[in-house]
Protein chains: 2
Amino acid sequence: MNVELINTGSELLLGRVLNTHQQWLCRRLADLGYVVTRQVAVADTGQDIEQAVREALGRADLVITTGGLGPTSDDITRDLVAQLLGKKLHEDAAALANIERFFTQRKRVMPVSVRVQALVPEDSIVLQNRHGTAPGLAMELKPNQFRAGGKSSWLVMLPGPPRELRPMFNDQVVPLLKRELPLESEFVCRTLRTTGIGESLVQEKINAPLAALVAKGLDVGYCAHVGQVDVRLAAHGEAAGAVVRDGEGIVRALLAKEIFGEEDELLEAVIVRRLTERKQTLALAESCTGGAIAHRLTNVSGASAVLLASLVTYSNAAKEKFIGVRAETLAQHGAVSEATAREMAEGSRRETGADFALSVTGIAGPTGGSEAKPVGTVFIGLASAKETVLLKQFNPYDRETFKQATANQALEMLRRAIFG
Amino acid sequence: MNVELINTGSELLLGRVLNTHQQWLCRRLADLGYVVTRQVAVADTGQDIEQAVREALGRADLVITTGGLGPTSDDITRDLVAQLLGKKLHEDAAALANIERFFTQRKRVMPVSVRVQALVPEDSIVLQNRHGTAPGLAMELKPNQFRAGGKSSWLVMLPGPPRELRPMFNDQVVPLLKRELPLESEFVCRTLRTTGIGESLVQEKINAPLAALVAKGLDVGYCAHVGQVDVRLAAHGEAAGAVVRDGEGIVRALLAKEIFGEEDELLEAVIVRRLTERKQTLALAESCTGGAIAHRLTNVSGASAVLLASLVTYSNAAKEKFIGVRAETLAQHGAVSEATAREMAEGSRRETGADFALSVTGIAGPTGGSEAKPVGTVFIGLASAKETVLLKQFNPYDRETFKQATANQALEMLRRAIFG
């Protein structure tokens, strides 16, 4: 199965926006067993879009386009494709009703210009847009006049905004693919997410034990993020389910401590869920991470049931004032020290009354390092009713990577405590 | 001038990583006057890379590839391109010395496998890698056997890691482009960044006043981010400098309050710089943004001279305890209210002794809204020695966008106060 993706939009080629569609669609498709073989971005010019669509249709069983379905003058994908395929446009009643409903619900007057979005090429399936006005379109080219031998192909056109594209893909395109472009053989894919262990060590631990399953068709992939390694297990064919299930069992047994979630789960979401279940609360005392840990936790809906406060005590005075770090400790050991991390964790737990308190203090750089404490040095503390645990780490990266890696290490320390 | 970009890497097509090269390179090139006409991502397979390079060389004056220059078995771009172009590989002494130095400096033994990276195709310019081991390569195909009429083209190959690619592009590729592929006419480009004003209003304010310059060749572009609109002024030709300068003058006069920076400057960086110059300090009291404002400010190196603390008082108890919000205020007006925002700002300023204190309290959603205070409601406070100013906003977006938009509004309120 040959799948190609075409992203349209001059803003992509001027570098004004990041192409998040590529990653999102490629990932979703790959996890369903449809690997994208080529992705192209072209400007909103008739010639470029037409050439890209024609070339892709000449090669692929499935071509997905994004963008260019809206009401403005640079939204030309729909018209161009209809012209290229020699299809007439007609107004679709359901699409028009959806556009009208969109404005009625928001108590806004519908501009005449948006009505153009209800025009669809003949013989196409209309994908209703529940989060916007431009419908998506799907059509089978049977025969596909651009392809050698006229073999049939599917063309799926999706709107540009991610909050419109993503639910449309999940709710309408995925069922269509399963129905109209079924994989030749069964496909099963599973991603397990680990933290607190490097990529090479993950490989070393699981490669040999998985060898027998790899011989039976298991495909093992790794993806390293900052402080996180994903293991992807996939297989095709009749035995795919069993092979992936057996592989997952082996990986889970060997990385029992390191696996924190599945598929797209985030470490912070796992922690919020677990603490919510246990009816336990958390406080943070952040210095070098500067609010990054609180920011990640509060991205999770429901975090307010768990997180009482994060005291981002960037200055020494704030460390003393809000969480009771002693002036002598700061003077004797310095703000970046195990002793300060301990007092920060214990102090924020005491002052908030939380069940757990995490603290971080370190040198993010690029300045502020010394021989004894180079840039990247960080101390993490975790205080609970039982004990205070301390960890020294070294993250000699650029400032933002340092913050992200440190936040991960702190959250992982907490996760191991609450899943222990 | 026709410029094409080819990103290689199976991880891109499996959706395991985000393609940040596309935006970065397209943006840098566009600002230099070289607009990318097509970007393609292909997997690390010989056939796909070869086909993409051959097709691009058939059309473009400049082809840039990323990735595939490293030492592992899936790094095949260098070999494939040499083969495609019929060029022999030889070991480059300077590239080898750079690789050896990389390991010596890190006190690590150089694995034999990395030596392959010093192999370069004949007649190519070696772009030294100051942040890694794989050198980049540049070569002029003269004639270019893939192009109609054999017109010459340049092929530039860059390593995959962004921290290696970006300085190599800035320091070595930009001078090469200016020398070897000069623009036919002068090109000037300027970006002004605004906040606190919507895209349509920006256009409404400046479109008519810029009309005369547009007639003289000024190109005006807009790019809307969350809470931020960039205005890009560009022109070609002999008068480009004057046209862009005059355009900038008009835009600066009309959007004097809204412009916070130029080119890639961030709002938080502008604030840290200004407060540092003024030797003034800042405290934050964050509720609904959950540390997002502190996180942004502390991404700026030198933030510790300015930011004393952010009290992320997510619970009501924390609001009372750390920044002295009164229980009666919370009971009478609620945590999301102008009265609470006022006490949060004034309390955090008082408790930290900062010159300025910003507070935010609101309903991020998706739950927690009511008829009177729907999801998206937010109150922002700014306390200074002079006064406390309060602002009500409505940001009915998804949770992360809500946090980002709110953070922007709060930072913008502070910016206007310190640049007033």
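Remember, it's a predicted structure, so these values are computed and weren't measured experimentally.

What counts and how
- Residues numbered from 1 in each chain as written.
- Chains lettered and ligands numbered in written order.
- Predicted model: local features only at pLDDT ≥ 70, side-chain atom pairs only at ≥ 80, totals over all residues.
- Heavy atoms only, no water.
- Phe/Tyr/Trp six-rings, centres within 6.5 Å; stacked < 30°, edge-to-face > 60°.
- Helix = DSSP H or I, 4+ residues; strand = E, 2+ residues; numbered from the N terminus.
- Polar contact = N/O pair within 3.5 Å; in protein donor to acceptor, adjacent residues only side chain to side chain.
- Contact = heavy atoms within 4.5 Å.
- Domains from an automatic or database assignment.
- Buried area = accessible area lost by both parts, 1.4 Å probe.
- Salt bridge = Lys/Arg side-chain N within 4 Å of Asp/Glu carboxyl O.
- Nonpolar A, V, L, I, M, F, W, Y, C, P; charged D, E, K, R; others polar.
- Pairing = 2+ DSSP bridges.
- Axes fitted to C-alpha atoms, helices over the stretch in contact; angles between N-to-C directions.
- Core = buried A, V, L, I, M, F, W, Y, C linked by side-chain atoms within 4.5 Å.
- Buried < 20%, exposed > 50% of the residue type's maximum accessible area, 1.4 Å probe, protein only.
- Arc of directions from axis to C-beta.
- Parallel < 35°, antiparallel > 145°, perpendicular 65-115°, else oblique.
- Left-handed = near helix turned anticlockwise from the far one by under 90°.
- 1 Å grid on protein atoms, 1.4 Å probe; cavity = no way out; pocket = protein on both sides within 12 Å on 5 of 7 lines; lining within 4 Å.
- Points joined across faces, edges and corners; volume = space filled by probe spheres on them.
- Least-squares fit on C-alpha atoms with pLDDT ≥ 70 in both.

What about the packing of aromatic side chains?
This structure, assessed with the given rule, holds 5 aromatic pairs over all chains. With a centroid separation of 6.5 Å and an interplanar angle of 55°, the aromatic rings of F322 of chain A and F322 of chain B are classed as tilted. With one member in each of two chains, F322 of chain A in helix α11 (residues 316-323) and F322 of chain B in helix α11 (residues 316-323) form a pair that bridges those chains. Between the aromatic rings of W24 of chain B and F169 of chain B, the centroid separation amounts to 5.7 Å while the plane-to-plane angle is 80°, which identifies the pairing as edge-to-face.

Remarks on the side chain of Q228 of chain A
All names here are of chain A. If you trace the backbone, Q228 turns up in strand β11 (residues 228-236). Looking at Q228, its side chain comes within polar contact range of the side chain of D230, at 3.1 Å. Filtering out sequence-adjacent residues up to four positions away, Q228 remains in contact with R193, T194, T195, C223, F260 and N408.

What about the domain arrangement of chain A?
Residue and element names in this part refer to chain A. According to the domain assignment, chain A contains domain 1 (3-180), domain 2 (187-262) and domain 3 (267-418). For domain 2 versus domain 3, the separation of C-alpha centres amounts to 31 Å. Taken together, the 9 residues of domain 2 in the interface contact 9 residues of domain 3. Summed over both partners, the interface of domain 2 with domain 3 buries about 730 Å², with 54% contributed by carbon and sulfur atoms. Considering only the side of domain 2, the residues that lose the most area to domain 3 are T195, V226 and F260, jointly responsible for 68% of the buried surface there. Linking domain 2 with domain 3 are 0 salt bridges. Connecting domain 2 to domain 3 are 5 residue pairs in polar contact (both at pLDDT 80 or more). In terms of residue class, the side of domain 2 that touches domain 3 is made up of 3 nonpolar, 4 polar and 2 charged.

With respect to the sheet that holds strand β9 (residues 187-195) of chain A
Residue and element names in this part refer to chain A. As summarised here, the arrangement of the 4 strands in space is β10-β11-β9-β12, forming an open sheet in which the pairing is antiparallel. Whereas interior strands pair on both sides, the edge strands pair on one side only; in this sheet they are β10 (219-225) and β12 (259-262). Sheet twist, expressed as the mean angle between neighbouring strand axes with direction ignored, is 25°. Relative to β11, β9 is paired through 9 bridges, and the arrangement is antiparallel. Its bridge partner being in β11, T195 is matched across the sheet by Q228. Relative to β9, helix α14 (residues 399-418) is tilted by about 100°, and along the sheet it contacts β9, β11 and β12.

What to know about the interface of chain A and chain B
Of the residues lining the interface, 65 residues belong to chain A; the matching set on chain B comes to 65 residues. Between chain A and chain B lies a buried interface of about 5300 Å² when both sides are counted; carbon and sulfur atoms form 52% of it. Among the ionic pairs, E351 of chain B bridges to K321 of chain A, the shortest N-O distance being 2.8 Å. Across the chain A-chain B interface, the total number found is 31 residue pairs in polar contact (both at pLDDT 80 or more). Looking at side-chain class alone, the side of chain A that touches chain B contains 28 nonpolar, 23 polar and 14 charged residues. Pairing analysis gives 5 bridges linking strand β14 (residues 307-313) of chain A to strand β14 (residues 307-313) of chain B, with the strands arranged antiparallel. Bridge pairing links V312 of chain A to S310 of chain B in β14 of chain B.

Quick look at the nonpolar core
In this structure, L282, L297 and L414 of chain A together with L282, L297 and L414 of chain B are the most contacted members of the largest nonpolar core, which totals 64 residues. The residues touching L297 of chain B, leaving out its near neighbours within four places in the chain, are E268, I271, V272, L282, L284, A303, L307 and L411 of chain B. The next biggest cluster of nonpolar side chains, apart from the first, holds 60 residues, and it includes V63, A95, L96 and F103 of chain A.

Describing α11 of chain B
All names here are of chain B. Residues A318, K319, F322 and I323 constitute the buried set of α11. Buried residues along α11 cover an arc of 105° about the axis, so they all sit on one side. Positive backbone phi, approximately 65°, marks G324, located one or two places after α11.

Points about the packing of helix α3 (residues 46-57) of chain A against helix α4 (residues 77-85) of chain A
Residues and elements named next belong to chain A. For the pair α3 and α4, interaxial distance at closest approach is 10 Å and the crossing angle is 55°. When the axis of α3 is compared with that of α4, the two are oblique. Where α3 crosses over α4, the two elements pack in a sense that is right-handed. Residues G46, I49, E50, V53, R54 and L57 of α3 form the contact with α4, whose own contacting residues are T77, L80, V81, L84 and L85. Looking at the contact of α3 with α4 residue by residue, the classes come out as 7 nonpolar, 2 polar and 2 charged.

A closer look at helix α9 (residues 267-277) of chain B
Residues and elements named next belong to chain B. If you check which residues of α9 are buried, you get L267, E268, V270, I271, V272 and L275. Summarising the contacts, the buried residues of α9 are in contact with β9 (187-195), β12 (259-262), β13 (282-286), α10 (292-298), β15 (356-362) and α14 (399-418). Downstream of α9 by a residue or two, K279 has a phi angle that is positive, lying close to 50°.

With respect to empty space enclosed by the protein
All names here are of chain B. Going through the model one piece at a time under the given rule, you end up with 1 cavity of 30 Å³ or more. Quantified by volume, the largest cavity comes out at close to 40 Å³. Forming the walls of the largest cavity are Q128, N129, R130, H131, E164, P167, M168, D171 and Q172. Considered class by class, the residues forming the lining of the largest cavity number 2 nonpolar, 4 polar and 3 charged.

Comments concerning the sheet that holds strand β8 (residues 153-158) of chain B
Strand order in the open sheet formed by 12 strands is β6(A)-β7(A)-β8(A)-β3(A)-β1(A)-β2(A)-β2(B)-β1(B)-β3(B)-β8(B)-β7(B)-β6(B), and the pairing between neighbours is mixed. Across the chains shown, the open sheet's two edge strands, defined by having one partner strand only, are β6 (125-127) of chain A together with β6 (125-127) of chain B. Here the average twist between neighbouring strands, direction ignored, is 15°. Pairing of strand β7 (residues 136-141) of chain A with strand β8 (residues 153-158) of chain A, which is carried by 5 bridges, proceeds in the antiparallel orientation. Counterpart to L137 of chain A in the pairing with β8 of chain A is M157 of chain A. Where α4 of chain A meets the sheet, it contacts β1 (3-8), β3 (62-66), β7 and β8 of chain A, and its direction lies at approximately 160° from that of β8 of chain A.

What about the relation of the copies chain A and chain B?
If you rotate chain A by 180° and push it 0.1 Å along the axis, it lands on chain B with an RMSD of 0.1 Å. What we have between these two chains is a two-fold relation. A shared binding surface is used by both copies, with 100% of the interface residues of chain A retained as interface residues in chain B.

Here's the deal with the pattern of salt bridges
Residue and element names in this part refer to chain A. Taken as a whole and assessed by the stated rule, the structure comprises 60 salt bridges over all chains. Salt-bridge contacts for R232 lead to D31; the nearest nitrogen and oxygen are separated by 3.4 Å. With R232 in strand β11 and D31 in helix α2 (residues 20-31), this pair connects stretches of sequence that are 201 residues apart. Across the pair, D31 and R232 agree in class, each one buried.

Considering the side chain of Q409 of chain A
Tracing the backbone through its elements, the reader meets Q409 of chain A in helix α14. Beyond its immediate chain neighbours, meaning those up to four positions away, Q409 of chain A contacts V378, I380, Q393 and N395 of chain A.

Digging into the environment of E55 of chain B
Within the secondary structure, E55 of chain B is located in helix α3 (residues 46-57). E55 of chain B sits in the partly exposed class, given a relative accessible area of 22%. Along the primary structure E55 of chain B and F146 of chain B are separated by 91 residues, whereas in three dimensions their C-alpha atoms are 7.9 Å apart. If we ignore the near neighbours within four places in the chain, the residues touching E55 of chain B are R38, E55 and R59 of chain A.

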